[in-house]
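Chain by chain, the residues:
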Amino acid sequence: MNYLILDIPEGPASAFNATFSESPESLGFFENELHVTSNVDGKFSLWREREILMFSGDFSTTVNLQCCRCLVLVEQPLHNAMELRCFPTSDPLVDLSPTGEVFPDDTVYSYLGDSVNLKPIIREQVVLSVPPYIYCRPDCKGLCVKCGQDLNIDLCACFTIQTDPRFEKLESLKRRLG
Ligand SMILES: [Zn+2]
Ligand SMILES: [Zn+2]
């Protein structure tokens, strides 16, 4: 997904349109970081406003994420639109526009030299689209904080004590007396 800057047409009317289907490996995803379980498929339009690249598209894929309550793995579909700009820079570490009026954010990228590689950009967009909290189901009961039992499967002994406030009071009374 490398494009020569001068090959990219000027103006949205003459934008270059393409589809892509990249394997997780080709985008540099490895299981221990973010487990992407299917190809990242999408489409985009690419054009230039002088030396600024305009990138408009979307992607979809699936990732394996842990339920934030019970830690079970959940296959989560991801789908996101991308409206990005890419500024030229002489320094690969600096993400500011040449005029300084645009500050770097999730939608501003830079390219170095006479070509741009879209893979790292798409990779980052996939990472950014991962929701912070995932539930295996809306009413997931989670794990027992004491013994780690998955409460979706079965209740544990500590759970029955915890749920009865009278026992809880008795327990703390016993602890104080003991
Ligand atoms: Zn869960
Ligand atoms: Zn327990």
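Preceding this section is the structure that the text describes.
Heads up: these notes are all about the structure in this document. (Residues numbered from 1 in each chain as written. Chains lettered and ligands numbered in written order. Predicted model: local features only at pLDDT ≥ 70, side-chain atom pairs only at ≥ 80, totals over all residues.)

## What about the overall build of the chain?
Right, so step 1: Tallying secondary structure elements over the chain gives three helices and eight strands in all.
Right, so step 2: Going from the N terminus to the C terminus, the chain shows its helices and strands as β-β-β-β-β-β-β-β-α-α-α.
Right, so step 3: When burial is assessed residue by residue, the chain has 15% of its 178 residues classed as buried.
Right, so step 4: Intrachain contacts of the chain at a sequence separation of at least 6 include 54% that bridge at least 24 residues. (Helix = DSSP H or I, 4+ residues; strand = E, 2+ residues; numbered from the N terminus. Buried ≥ 20, exposed ≤ 12 C-beta atoms within 10 Å, placed from the backbone. Contact = placed C-beta atoms within 7 Å.)

## Here's the deal with unusual backbone geometry
Right, so step 1: The phi angle at Arg50 is positive, at roughly 55°, despite the residue not being glycine.
Right, so step 2: Among the secondary structure elements, Arg50 is positioned in the loop between strand S4 (40-49) and strand S5 (52-66).
Right, so step 3: The backbone of Leu71 shows a phi angle near 70°, a positive value even though the residue is not glycine.
Right, so step 4: With respect to the secondary-structure elements, Leu71 resides in the loop between S5 and strand S6 (73-89).

## Focus on the nonpolar core
Right, so step 1: If you look at the biggest cluster of nonpolar residues, it comprises 19 residues, and the most contacted ones within it are Val40, Leu53, Phe55, Cys86 and Ile122.
Right, so step 2: The set of elements that each furnish at least two residues to this core consists of S4, S5, S6, strand S7 (108-112) and helix H1 (119-128).
Right, so step 3: Among the elements that take part in this core, S5 stands out by supplying five residues, more than any other.
Right, so step 4: If we skip the residues at most four places from it in the chain, Cys86 touches Ile52, Leu53, Phe55, Tyr109, Ser110, Tyr111 and Val116. (Core = buried A, V, L, I, M, F, W, Y, C linked by C-beta atoms within 7 Å.)

## Re the environment of Cys70
Right, so step 1: Structurally, Cys70 can be placed in the loop between S5 and S6.
Right, so step 2: Taking the C-alpha atoms as reference points, Cys70 and Gly142, 72 residues apart in sequence, are found 4.1 Å from one another.

## Section: the pairing of S5
Right, so step 1: With two bridges connecting them, strand S3 (residues 35-36) and S5 associate as antiparallel partners. What sits directly across from His35, in S5, is Asn64.
Right, so step 2: Where S4 and S5 come together, nine bridges link them in antiparallel fashion. Note on S5: the bridge partner recorded for Gly42 is Phe59.
Right, so step 3: Taking the residues between adjacent antiparallel strands as the criterion, S4 and S5 are bridged by two residues, where Arg50 takes a positive phi near 55°.
Right, so step 4: Sheet topology note: the S5/S6 ladder contains 14 bridges and is antiparallel. If you follow Gln66 over to S6, its bridge partner there is Leu73.
Right, so step 5: The turn joining S5 and S6, which pair antiparallel and follow one another in sequence, is formed by six residues; a positive phi near 70° is taken by Leu71. (Pairing = 2+ DSSP bridges.)

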